[in-house]
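Inside the fold
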Amino acid sequence: MADKAVVEHLRAKVSEYRKIILQLCCRAQGLHIGGDLSCAEMLVALYHYALNIDPRNPAWEDRDRFILSKGHCGAAWYVVMAQRGFFEMQELLDTYQGQETRFCLHPCKTACPELDSSSGSLGHGLSVAAGIALAGKLDGKKYRTFCMMGDGEIGEGSVWEAALAAPRFKLGNLVAILDRNKMSLDGFTEEIMPLEPIVDKWRAFNWNTVVIDGHDLAQTVDALDALPPVESEVPTIIVAETVKGKGVSFMEDNPLCHYMKIDEAQLQQALTEIDEACRAVRGARG
């Protein structure tokens, strides 16, 4: 069972993260904010709990690797990395998407070498992650490779090619995380390209498949703690059931929040709602 102190620490980081990403959305006049909010708990749990990384030495050879396959949510990646100390938060807030910035709309490793990979062309991340995991296995390394995907990209054939290959090469050091918010750019996934039964499909591809509430930090921590040993031969996917735009009433389950601009009034409303939700959680705990 997840340690209560750990969960409380992560919950505070998630609240901070949501406020920062909303402020960035207002400053930058638009972000892929719906997906940035749906993956909040998972990103925070990875960077503040699970990943074996060193912000002072981002190229450390034995670090865990992380690939953000849903690269349009690059701002989310930057914010959680800044929280973790890879770079200054103020630099991100002041320069995001500027002419001289290293924080591009889609993550670019050339511009921002602290990243493990560039991304943005959907459907490629799992293949990249599988290659990195295979290299680690061949080199006898003990690191894990994590790959976060959006469910809108699961219709890409390259995803399923990688899903076939990972068990074949016994990549027990590969962990995929699916942000299952049930929406893509054009609307609800089940109305565009139905994915269900998604859990059965991954199990049929011989993956260790775990389903969680992606906004429940205790479940998220438990799933990360329960990963098979790096030396195992079966890759793992965590299917995280989430809500697009989580935490903001005018964004939740709203297809229009895939990419959205917010003004100062909307920002203040969103920040107030996040603070109220935090107080409600504290009150429920007594």
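Reference entry: report on the structure contained in this document. (Residues numbered from 1 in each chain as written. Predicted model: local features only at pLDDT ≥ 70, side-chain atom pairs only at ≥ 80, totals over all residues. Heavy atoms only, no water.)

**Comments concerning the sheet that holds strand β1 (residues 65-68)**
To be explicit about the condition: We treat two strands as partners when DSSP finds at least two bridges between them. Elements are defined by DSSP. Helices are runs of H or I of four residues or more, strands are runs of E of two residues or more, and each kind is numbered from the N terminus. What counts as an axis is a line fitted to C-alpha atoms, over the stretch in contact for a helix, and the angles between N-to-C directions run from 0 to 180 degrees.
Strand order in this open sheet of 5 strands is β1-β2-β3-β7-β6, and the pairing throughout is parallel. Only two strands of the sheet have a single neighbouring strand rather than two, namely β1 and β6 (208-213). On average, each strand axis in the sheet is tilted by 20° relative to the strand beside it, whichever way the strands run. Note: strand β3 (residues 174-180) against strand β7 (residues 236-241), 6 bridges, orientation parallel. Paired with R180 across the two strands is E241, which belongs to β7.

**Focus: the side chain of R18**
Basically, it comes down to this: Using a 1.4 Å probe on the protein chains alone, a residue whose accessible area is under 20% of its type maximum counts as buried, one over 50% counts as exposed, and one in between counts as partly exposed. Residues count as neighbours in contact if any of their non-hydrogen atoms are within 4.5 Å of one another.
Relative to the assigned elements, R18 resides in helix α1 (residues 4-28). The exposure class of R18 is buried, given its relative accessible area of 7%. When near neighbours in sequence (up to four residues on either side) are disregarded, R18 contacts L37, A40, E41, H215, K246 and I274.

**As for the nonpolar core**
Going by this rule: Throughout this description, the term nonpolar core refers to a set of buried Ala, Val, Leu, Ile, Met, Phe, Trp, Tyr and Cys residues connected via side-chain atoms within 4.5 Å.
In terms of nonpolar packing, the biggest core is built from 66 residues, with I21, L22, I33, Y47 and F66 touching the most fellow members. A total of 10 residues in this core trace back to one element, the largest contributor, which is α1. Residues contacting I33, with those up to four places away along its chain left out, are I21, L22, C25, M251, C257, H258 and M260. By size, the runner-up hydrophobic cluster in this structure holds 26 residues, among which are I67, A129, C147 and I154.

**Quick look at the pairing of strand β2 (residues 145-150)**
The following threshold applies: When the strands point away from the viewer, a crossover counts as right-handed if the path from the first strand over the helix to the second runs clockwise.
Burial runs high along β2: 6 of the 6 residues are buried. Both faces of β2 are covered, namely the face carrying T145, C147 and M149 and the face carrying F146, M148 and G150. Where β1 meets β2, 4 bridges bridge the pair, whose relative direction is parallel. Its bridge partner being in β2, L68 is matched across the sheet by M148. The pairing of β2 with β3 spans 6 bridges and is parallel. Looking at the pairing, M148 lines up with I177 of β3. The parallel pair β2 and β3, bridged by helix α7 (residues 157-168), forms a crossover whose chirality is right-handed.

**What to know about the packing of aromatic side chains**
Where we set the bar: Pairing of aromatic rings covers Phe, Tyr and the six-membered ring of Trp, with a centre-to-centre limit of 6.5 Å; geometry is then stacked below 30 degrees between planes, edge-to-face above 60, and tilted otherwise.
Using the criterion set out here, one finds 9 aromatic pairs in the structure. Residues F66 and W77 carry aromatic rings whose centres are separated by 5.5 Å and whose planes lie at 70° to one another, so their mutual orientation is edge-to-face. One end of the pair, F66, is in strand β1; the other, W77, is in helix α4 (residues 74-84), and 11 residues separate them in sequence. Since its relative accessible area comes to 1%, F66 is described here as buried. Residue class for W77 comes out buried when judged on its relative accessible area of 1%. With a centroid separation of 4.9 Å and an interplanar angle of 35°, the aromatic rings of W160 and W202 are classed as tilted. A residue pair is termed long-range when its members are at least 10 positions apart, and W160 in helix α7 and W202 in helix α9 (residues 198-204) qualify at 42 residues.

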